[in-house]
Every structure is written in C-alpha cells, then in structure tokens.
Amino acid sequence: EREKGAFTVTLYQFDIQGAFLCAPIDREIYLKLPPGYEPPPGKTAKLLRRLYGLKQAPSAFNSLFEAWLLRYGFTAIGGDRVTFLLSRGTSVVLLSIYVDDGLAATNDEKLYRQFLAD
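Summary of the structure given here.

Cut-offs and rules
- Residues numbered from 1 in each chain as written.
- Predicted model: local features only at pLDDT ≥ 70, side-chain atom pairs only at ≥ 80, totals over all residues.
- Heavy atoms only, no water.
- Helix = DSSP H or I, 4+ residues; strand = E, 2+ residues; numbered from the N terminus.
- Buried < 20%, exposed > 50% of the residue type's maximum accessible area, 1.4 Å probe, protein only.
- Contact = heavy atoms within 4.5 Å.
- Areas by Shrake-Rupley, 256 points an atom, 1.4 Å probe, with all protein chains shown as cover.
- Pairing = 2+ DSSP bridges.
- Axes fitted to C-alpha atoms, helices over the stretch in contact; angles between N-to-C directions.
- Salt bridge = Lys/Arg side-chain N within 4 Å of Asp/Glu carboxyl O.

Considering the overall build of the chain
- A count of helical and extended segments in the chain gives 3 helices and 7 strands.
- When the helices and strands of the chain are listed from N to C terminus, the series reads β-α-β-β-α-β-β-β-β-α.
- For the chain, the proportion of its 118 residues judged to be buried stands at 31%.
- Long-range pairs, those at least 24 residues apart, make up 49% of the contacts in the chain between residues at least 6 apart in sequence.
- As displayed, the chain offers around 8400 Å² of accessible surface, 56% of which is attributable to carbon and sulfur atoms.

Take a look at the structure:
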C-alpha cells in the first residue's frame, strides 16, 4: 500500500550529444595547428566553438543549459545547480545533470516527451 502523496515515476538516463559545442566562446582562443597543417602567412587559427578538451567547456555548457531550463519553467533545487524540477499540476519532471549526462524521473511521460521535443 502506498503512502498518501506517493506516486510512481519512470527513470530515464540520457547523454546530451554535442553538448560542449553548443556553448559560445566568451574570449578569443587561438590554436596551434598540428604538424602538416600550415596556415597562410600572416594568418592564425581561431577557435569558433568550444571543444571537449577545453577546461571551460563543461561549466560554459552547464550555464547555458541551466539558463534554458529556467526559461522553460524548471526550478533549481539545492545550491549545487545540478538538479531541477518542472511541475505542472500533479505532473513532475525531475532532472539531475552531471557535465553532459543526465537522469530524469517523471510521473508523466507525455510531459517528459514534450520537454525533449522542445
């Protein structure tokens, strides 16, 4: 027998493909090209998007994703800013994000699928 207020949830694990490529670069970063690739004289290689190897990539993506979640209607839970709750009436979606991996718990698959589509 369930306790009053308890409900059943479904868990989903997900990976955010190309996550670090989404975050804009907030400073100029120039690359040293590998051997065999020489830029034209007087030219350099400037990075236009973040890459997985950059130290700042995870935090930049997390800031971008957090801002999107908050605009979507999620609320941050706790001080670590990795767990978020979306509540629509009796329906909930609970997300926990670590770098570009996530875990979701929901009692309304339709609301979760709508979130994924958006």
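We are not done yet, so read on.
Section: the sheet that holds strand E4 (residues 75-77)
- Here 5 strands make up an open sheet; going across it, the order is E1-E7-E6-E5-E4 and the pairing antiparallel. For this open sheet the edge positions go to strand E1 (10-15) and E4, each flanked by a neighbour on one side alone. Between one strand axis and the next, the sheet turns by 25 degrees as a mean value, whatever way the strands run.
- Pairing between strand E6 (residues 91-98) and strand E7 (residues 101-106): 6 bridges, direction antiparallel. If you follow Val-93 over to E7, its bridge partner there is Thr-106.

Some thoughts on the pattern of salt bridges
- For the structure on display, the rule yields 3 salt bridges.
- Among the ionic pairs, Lys-46 bridges to Glu-28, the shortest N-O distance being 3.5 Å. With a gap of 18 residues between them, Lys-46 in strand E3 (residues 45-46) and Glu-28 in the loop between helix H1 (19-22) and strand E2 (30-31) connect regions that are remote in the sequence.
- A relative accessible area of 41% places Lys-46 in the partly exposed class.

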